[in-house]
Every structure is written in structure tokens, then in C-alpha cells.
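As a plain string of letters, each chain reads:
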Amino acid sequence: MTANDSRPTRVGSNTQLVRAGHNPFDFHGFVNPPTVRASTVLFPDAGTMEAHGQKYTYGTRGTPTTDALCTAINELEGAAGTILLPSGLAAVTVTFLAYLAAGDHALIVDSVYGNVRRFCDTVLTRFGIEVEYYDPSLGAEIETLFKPNTRLVHLEAPGSNTFEMQDIPAIAAVAHRHDAVVTMDNTWATPLYFRPLDFGVDVSIQASTKYPAGHADILMGTASANARRWRRLKHVHGELGICGAPDDAYQVLRGLRTMGVRLERHQKSALAIAEWLEARDDVARILYPALPSFPDHDIWKRDFKGASGVLSFVLAVAPGRDFKVRAQGFLNGLSLFGLGYSWGGFQSLALHVDLDDRRVLRAPNEGPVIRLHIGLEDIDDLKADLARGFDAAG
Ligand SMILES: Cc1ncc(COP(=O)(O)O)c(C=O)c1O
């Protein structure tokens with residue numbers, strides 16, 4: 001019996017985060033796992049080599065460090081297996097390559113992360129896969145878009161930049177009736193605030209770059225499958241050779257330990273900022289599912305346990321004024337909020353959202369959409385900084 005055998009089986013999410021993936025007594029009692037870097041793995045004899053008769057065989061197929069992270073993510077997601085990828089984008093693209101083939105039709109939510117749309121419109125199309133974007137407000141009605149060759153439905157909730165929620169169980173039920181794979185980008189909520197596989201999703205995808213790593217210095221992605229879909233994902237991952245690095249896996253596992261407390265703080269501050277923005281005349285709309293006035297709030301409340309720190313608002317602009325000029329004025333007036341794309345770290349960020357690539361959804365017409373990532377700074381300082389932005393926007 002090891003020291004860990006006395007662990008209680010049902011524990012809270014923060015307790016789970018502190019312990020997941022590594023039993024210190026498997027490695028001399030050290031609290032963190034060793035970083036095992038590898039290309040070459042040796043075999044004791046020719047027979048073992050021929051049979052691949054040992055747990056580790058080659059660096060691309062995993063080391064004890066990448067396994068520690070995969071085990072932790074399996075536990076958090078309730079998954080049969082997890083693959084590691086060198087970025088969140090690769091976690092989505094490799095998942096699509098695992099389940100799609102020439103002649104297939106894929107349904108992709110229109111509020112999808114922009115670089116996934118570019119992959120679909122270039123690489124998937126070139127490989128003879130038909131891609132169709134659907135309205136995130138579709139629930140069971142998505143069935144009207146199914147074709148005999150529809151093999152995959154991709155969800156992202158809330159959607160990138162505009163934060164529409166989706167009726168995930170209703171979409172998953174329809175997709176499964178048609179034997180299509182359901183994949184979901186769950187980066188915004190993390191498995192702490194939403195567990196996709198419990199709601200009928202087959203593969204849950206996260207950019208661990210964001211909240212799991214949490215310090216704006218790592219790129220990594222995970223894709224976690226249920227028992228039915230795991231084998232295919234594992235094999236295609238191995239065949240493509242697009243693997244996550246042990247040093248990055250170590251850092252993401254380290255980040256996971258504090259993700260719960262960081263998310264609590266992101267959530268509390270983001271809600272406070274959203275409420276503060278809502279009271280301002282120079283803001284036309286707030287796009288944040290945790291806000292009761294947001295149109296999809298009820299669906300968020302029904303399915304999610306919490307909200308993270310990314311939200312958008314629409315700057316109110318008088319008719320005839322240039323949206324871009326006002327947006328840039330606002331952004332240039334900020335000093336604590338950094339101007340940057342990759343969110344989920346400790347620092348607050350802002351950017352002007354480009355919605356020109358949307359096919360189904362219409363961009364808000366009251367003014368430019370500004371996306372904020374609310375970091376770990378003091379809330380009064382963030383409000384003062386945003387107020388400087390509004391002053392600068394005129
Ligand atoms: C929702 C979402 N998914 C995936 C990604 C891609 O993550 P990465 O930067 O690790 O490629 C991003 C990046 O911003 C994102 O916002």
C-alpha cells in the first residue's frame with residue numbers, strides 16, 4: 001500500500017487540483033514530478049524491443065512528466081484519455097484530423113476561435129472536407145443542417161469574443177443520433193466550471209496556454225476523449241507526431257495547482273467590472289454570460305458552475321463616428337491593461353475585436369466590440385484604468 005491509498009475518493013475541485021496526476025511517494029516523496037525529457041528510450045533486450053513490451057518506447061509517445069499532466073487532465077475532465085499538443089490551436093486541428101476524411105461534412109459554430117476558422121477554410125477545404133458554420137443559438141434545430149455525410153459537430157461555449165452560449169446537451173443528442181463526433185473548445189470555462197463530457201460531448205479541448213498555465217509564458221493544448229472516441233484520437237496523435245514537450249507539461253501541471261484560486265479571483269473581478277461597465281452611458285452592451293442581463297444567462301446558469309475573466313463590451317458610438325478611431329482611442333488611453341491576444345495570465349488585457357469573418361452572426365452595430373481579460377490586479381486600479389480609456393475615447 002502506498003501513502004496515497006488512504007486518499008478520500010470524492011474531494012472538492014481545489015483538493016483535486018492540488019493532488020491530481022502525481023503521487024509523491026512514486027518518486028521519493030518529492031511533491032512535484034521529475035521533468036523527464038526524452039527522444040531515445042532504451043529497451044533491455046531485442047525481444048522487448050520487437051514487442052514494444054514496455055510502458056515508454058519513444059519521446060513522442062510520452063514520458064512520465066507528460067503522463068502526469070494527462071492523468072491530471074483525465075481526472076478533471078472525467079475522460080478515458082488525453083493527448084498533449086504544442087498549442088491550443090493544435091489541440092483543435094489534430095482533433096479534427098482524427099475524425100474527418102475527404103468527402104465528410106463538418107458543422108462548426110460561427111462564434112469559433114478565429115484561427116480554427118482559418119484552418120477549416122484553408123486546410124480542411126483543401127483536403128476535400130465540406131465545412132458549414134452554424135448559429136450558436138441553434139439547439140435541437142441543428143438537425144436541419146445534418147447531411148448523410150456529417151461526421152463532426154464542433155462547439156465553443158461561450159463563443160470567442162461575443163460569448164454566445166450553446167444548448168450543448170441538445171446538440172450532442174442530435175449529433176449522436178447521426179453518429180457524428182461532438183467536439184468542444186472549453187478553454188473559457190476550464191473543466192472546473194464546465195465538464196463537457198458529462199453533457200454529451202465526445203472530445204473536450206482546452207488551450208492550456210490560458211488558465212491552466214496561467215502565467216502567459218507557455219503554449220500547450222489538451223484534447224480529452226470519452227471511452228468511445230479515445231482510441232482513434234490516441235492513434236492519430238501518435239501518427240502525426242505533434243506532441244507536447246515535457247518542460248511545458250511540467251509548467252502546466254504546476255499552474256493547475258493554483259488554477260482554482262486564480263479562477264475565483266478572475267471571476268469575482270470580471271463580474272465586478274461587468275456590473276460597473278453596465279452602469280455607464282458610454283457602454284452600449286456587455287457580453288458576459290454571468291451577467292443576469294445577458295441574453296444567454298439562463299443557459300449558462302443551467303449548465304456551468306462558474307465564469308472566467310474574459311468578457312466583451314460594446315462601446316457606445318454616436319451615429320456617423322468611426323468605430324475604429326474610437327476603439328483605438330480607448331485602447332491607447334489604457335496603461336494597466338496590456339494590448340495583447342493570448343488571455344488567461346495574471347495581467348489584464350484589452351483588444352478591439354474583429355468580427356468581419358462571421359458568416360451567420362451579425363456584429364453589434366452600436367459601436368466597436370472591446371474584449372477584456374480581467375487579470376489579478378486590484379479591482380479599483382482596473383476601474384480607474386478603464387475610466388482613463390473612456391476619457392481618451394472621447
Ligand atoms: C477559445 C480559444 N481556443 C483556442 C485558442 C488557441 O490557443 P493557443 O494560443 O494555445 O493556440 C485560443 C487562443 O486565444 C482561444 O481563445
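Trainee: What is the right way to read the layout of surface pockets from this model?
Mentor: A probe matching the size of a water molecule, rolled over the atoms, marks out where space remains unfilled. In this structure, the largest pocket occupies an estimated 920 Å³ of space. If you go around the largest pocket, you meet 40 residues; those closest to its centre are Y113, G114, N161, Y341 and R371. For the lining of the largest pocket, the secondary-structure elements that each account for two or more residues are α4 (88-99), α5 (114-126) and β11 (349-352). Looking at the lining of the largest pocket residue by residue, the classes come out as 19 nonpolar, 13 polar and 8 charged. In this structure, the second largest pocket is lined by 28 residues; those nearest its centre are R61, G62, D67, K234 and H237. Elements with a contribution of two residues or more to the lining of the second largest pocket: α3 (64-77), β1 (81-85) and α8 (227-240).

Trainee: When you look at the packing of α3 against helix α9 (residues 246-278) in this model, what are you seeing that I'm missing?
Mentor: In a pair of packed helices, the angle between the axes and the distance between the axes together describe the arrangement. Look at α3 against α9: their axes get within 8 Å of each other, and the N-to-C directions meet at 40°. Regarding the angle of α3 to α9, the classification is oblique. Every pair of crossing elements has a handedness; the one defined by α3 and α9 is left-handed. Contacts between α3 and α9 pair T65, T66, A68, L69, A72, I73 and L76 from the former with P246, A249, Y250, V252, L253 and L256 from the latter. The residue inventory of the contact of α3 with α9, partitioned by class, reads 11 nonpolar, 2 polar and no charged.

Trainee: Would you explain the sheet that holds strand β4 (residues 150-156) in this entry?
Mentor: Ordered in space as β1-β7-β6-β5-β4-β2-β3, the 7 strands form an open sheet in which the pairing is mixed. Each having just a single partner strand, β1 and β3 (130-134) make up the two edges of the open sheet. Looking at each pair of strands side by side, their axes are set apart by 20° on average, direction ignored. Bridge count for strand β6 (residues 203-207) against strand β7 (residues 221-225) is 5 bridges, and the pairing is antiparallel. When the sheet's bridge partners are listed, I205 is paired in β7 with A223. Sitting on the sheet, α3 is in contact with β1, β6 and β7, with an inclination near 130° to β1.

Trainee: How should the nonpolar core be read in this particular structure?
Mentor: A general tendency of soluble globular proteins is for nonpolar side chains to be buried together. In this structure, F96, V153, W188, F313, F330 and L372 are the most contacted members of the largest nonpolar core, which totals 114 residues. Among the elements that take part in this core, α9 stands out by supplying 10 residues, more than any other. Those residues within four positions of V153 in sequence are excluded, and the remaining contacts are L107, Y134, I142, F146, I171, A175, A180, V181, V182 and T183.

Trainee: Hey, could you run me through the site of the ligand in this one?
Mentor: In the region of the ligand, 13 residues are neighbours, and G88, L89, D185, T209 and K210 sit closest. Take D185: an N or O atom from its side chain is 2.6 Å from a nitrogen atom of the ligand. Within the side chain of K210, an N or O atom sits 2.8 Å from an oxygen atom of the ligand. Computed on the free molecule, the ligand has an accessible area of 390 Å², of which 90% lies beneath the protein chains in the complex.

Trainee: What am I meant to see in the confidence of the model for the protein chain here?
Mentor: Predicted coordinates in areas of low pLDDT are best not read in detail. Taken residue by residue, the protein chain gives an average pLDDT of 96. The fraction at 70 or more is 98%. Mean pLDDT values for the elements of the protein chain range from 94 in helix α1 (residues 13-19) up to 99 in strand β5 (residues 181-185). Here residues 1-5 scores under 50 on pLDDT; set against residues more than four positions off or in separate chains, the count is 4 contacts.

Trainee: Just checking my understanding: could you explain the state of the cysteines for this structure?
Mentor: Working definition: the covalent bond between the sulfur atoms of two cysteines is a disulfide. The tally for this structure, following the rule as stated, stands at 0 disulfides. We note that C243 lacks a disulfide partner, and the nearest cysteine sulfur, in C70, lies 11 Å from it.

Trainee: It is not clear to me how the packing of α4 against α5 should be interpreted in this structure. Could you clarify?
Mentor: Their axes nearest at 10 Å, the elements α4 and α5 cross at an angle of 35°. Crossing of α4 against α5: the hand is right-handed. Of the residues in α5, those in contact with L89, V92, T93, F96 and L97 of α4 are N115, V116, F119, C120 and L124. Residue classes in the contact of α4 with α5 are distributed as 8 nonpolar, 2 polar and no charged.

Trainee: So what exactly am I meant to see when it comes to the sheet that holds strand β10 (residues 338-339) here?
Mentor: Hydrogen bonding along the main chain pairs the strands of a sheet, whether they run parallel or antiparallel. Spatial strand order, β8-β9-β12-β11-β10: 5 strands in an open sheet with mixed pairing. Edge strands, defined here as strands with exactly one partner in the open sheet, are β8 (283-287) and β10. With 4 bridges connecting them, β11 and strand β12 (residues 369-373) associate as antiparallel partners. Directly across from L349, in β12, lies its bridge partner H373.

Trainee: Quick question: what am I supposed to make of the pairing of β7 here?
Mentor: Both faces of the sheet carry side chains from a regular strand, because those side chains alternate between them. The element β7 is largely enclosed, with a buried count of 5 among its 5 residues. Burial along β7 is two-sided: the face carrying G221, A223 and A225 and the face carrying T222 and S224 are both buried. Note: β1 against β7, 5 bridges, orientation antiparallel. If you follow L84 over to β7, its bridge partner there is T222.

The rules behind the values
- Residues numbered from 1 in each chain as written.
- Predicted model: local features only at pLDDT ≥ 70, side-chain atom pairs only at ≥ 80, totals over all residues.
- Heavy atoms only, no water.
- 1 Å grid on protein atoms, 1.4 Å probe; cavity = no way out; pocket = protein on both sides within 12 Å on 5 of 7 lines; lining within 4 Å.
- Points joined across faces, edges and corners; volume = space filled by probe spheres on them.
- Helix = DSSP H or I, 4+ residues; strand = E, 2+ residues; numbered from the N terminus.
- Nonpolar A, V, L, I, M, F, W, Y, C, P; charged D, E, K, R; others polar.
- Axes fitted to C-alpha atoms, helices over the stretch in contact; angles between N-to-C directions.
- Parallel < 35°, antiparallel > 145°, perpendicular 65-115°, else oblique.
- Left-handed = near helix turned anticlockwise from the far one by under 90°.
- Contact = heavy atoms within 4.5 Å.
- Pairing = 2+ DSSP bridges.
- Core = buried A, V, L, I, M, F, W, Y, C linked by side-chain atoms within 4.5 Å.
- Buried < 20%, exposed > 50% of the residue type's maximum accessible area, 1.4 Å probe, protein only.
- Near = heavy atom within 4 Å.
- Polar contact = N/O pair within 3.5 Å; in protein donor to acceptor, adjacent residues only side chain to side chain.
- Areas by Shrake-Rupley, 256 points an atom, 1.4 Å probe, with all protein chains shown as cover.
- pLDDT = per-residue confidence, 0-100.
- Disulfide = S-S within 2.5 Å.

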